[in-house]
Amino acid sequence: MARVTVVGTTGWGTTLGVILAKQGHSVYLWARTVTETLALQKARENKRLAPGAIFPSTLSVCNDPDEALGETELLIVAVPSTTVRVNLRRLANAIPSRSLIVSATKGIDLKTGKRMSELIYEETDSHDSDFIGALSGPNLAREIADGKPSSATVAFPNAASAKRAQSILNSESFRVYRSDDLIGVELGGALKNIVAIGAGIIDGLGLGN
């Protein structure tokens with residue numbers, strides 16, 4: 001079993017933390033404030049963003065970077081794209097040099113046009129790029145938390161890193177495939193929303209398939 005840290009108490013971040021903890025991994029869910037940490041610790045669920053996804057005993061909530069990141073093998077970044085930089089600046093000094101970092105954030109930086117993995121590289125003092133990847137797929141956090149079957153792709157420029165991340169993330173209900181096309185996986189996850197909005201408009205206007 002691995003030690004995993006999830007940055008972000010979003011619905012998606014919480015869901016990933018819960019399903020990984022259910023697999024027996026030692027999971028640390030990092031919250032930004034003491035108040036939020038104490039509330040989540042007491043409730044043992046994220047009632048606002050992931051109601052019903054009860055925290056297994058192997059999931060801990062903390063807001064201290066050193067405690068959260070300690071000996072972590074896999075760091076998952078699951079915060080809104082607009083806050084990736086500010087969150088990583090608080091954590092960068094505590095990230096072990098050999099940790100895999102996976103972006104579970106879909107989007108493109110509005111100011112620079114850069115992908116999330118590029119922001120992570122910049123904000124972690126040039127963490128080895130072979131250890132920075134992305135997780136993306138047609139996922140609905142609520143369904144995954146309920147144990148419904150789903151799949152995703154984890155991509156790294158390095159095959160060994162992708163295989164290592166896949167082995168940690170994979171479960172019976174959450175099937176994770178691996179790829180070396182990091183750029184394609186990140187752009188696919190970000191740009192699909194544009195296609196979806198366009199399809200919705202066409203459907204709403206009754207213009208046909």
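Placed above this text is the structure.
Residues numbered from 1 in each chain as written. Predicted model: local features only at pLDDT ≥ 70, side-chain atom pairs only at ≥ 80, totals over all residues. Heavy atoms only, no water.

S.K.: Please clarify how empty space enclosed by the protein should be interpreted in this entry.
M.R.: One water molecule sets the probe size; rolling that probe over the atoms shows where empty space is left. Scanning all chains against the criterion turns up one cavity of 30 Å³ or more. Taken as a whole, the largest cavity spans an internal volume of roughly 70 Å³. The wall of the largest cavity is formed by Ser-103, Thr-105, Lys-106, Gly-107, Met-116, Ala-134, Leu-135, Ser-136, Val-185, Glu-186, Gly-189 and Ala-190. Secondary structure elements with two or more residues in the lining of the largest cavity: β6 (132-136) and α8 (182-204). For the lining of the largest cavity, the leading source of residues is α8, giving four residues. Each residue belonging to the lining of the largest cavity can be placed in one class, and the counts come to five nonpolar, five polar and two charged. (1 Å grid on protein atoms, 1.4 Å probe; cavity = no way out; pocket = protein on both sides within 12 Å on 5 of 7 lines; lining within 4 Å. Points joined across faces, edges and corners; volume = space filled by probe spheres on them. Helix = DSSP H or I, 4+ residues; strand = E, 2+ residues; numbered from the N terminus. Nonpolar A, V, L, I, M, F, W, Y, C, P; charged D, E, K, R; others polar.)

S.K.: I would appreciate a short explanation of the side chain of Glu-186 in the present structure.
M.R.: By secondary structure assignment, the location of Glu-186 is in helix α8. When its relative accessible area of 10% is taken as the criterion, Glu-186 is described as buried. Here the side chain of Glu-186 touches Ser-117 through a polar contact of 2.6 Å, side chain to side chain. Residues contacting Glu-186, with those up to four places away along its chain left out, are Arg-115, Met-116, Ser-117 and Ala-134. (Buried < 20%, exposed > 50% of the residue type's maximum accessible area, 1.4 Å probe, protein only. Polar contact = N/O pair within 3.5 Å; in protein donor to acceptor, adjacent residues only side chain to side chain. Contact = heavy atoms within 4.5 Å.)

S.K.: Please explain the environment of Ser-171 as it appears in this structure.
M.R.: Inspection of the secondary structure assignment puts Ser-171 in the loop between α7 (159-169) and β8 (174-179). Judged by its relative accessible area of 16%, Ser-171 falls in the buried class. Distance in space between the C-alpha atoms of Ser-171 and Leu-75 is 18 Å, their sequence separation being 96 residues.

S.K.: So what exactly am I meant to see when it comes to the pairing of strand β1 (residues 3-7) here?
M.R.: Among the five residues of β1, five are classified as buried, and the element is accordingly described as predominantly covered. Burial of β1 is two-sided: the residues Arg-3, Thr-5 and Val-7 facing one way and the residues Val-4 and Val-6 facing the other way are all buried. Bridge count for β1 against strand β2 (residues 26-30) is five bridges, and the pairing is parallel. Each bridged residue has a counterpart across the sheet, and for Val-4 the counterpart in β2 is Val-27. Chirality of the crossover, the property in question, places the unit of β1, helix α1 (residues 11-22) and β2 among those that are right-handed. The pairing of β1 with strand β4 (residues 74-77) spans four bridges and is classified as parallel. (Pairing = 2+ DSSP bridges. Right-handed = clockwise from strand over helix to strand, strands pointing away.)

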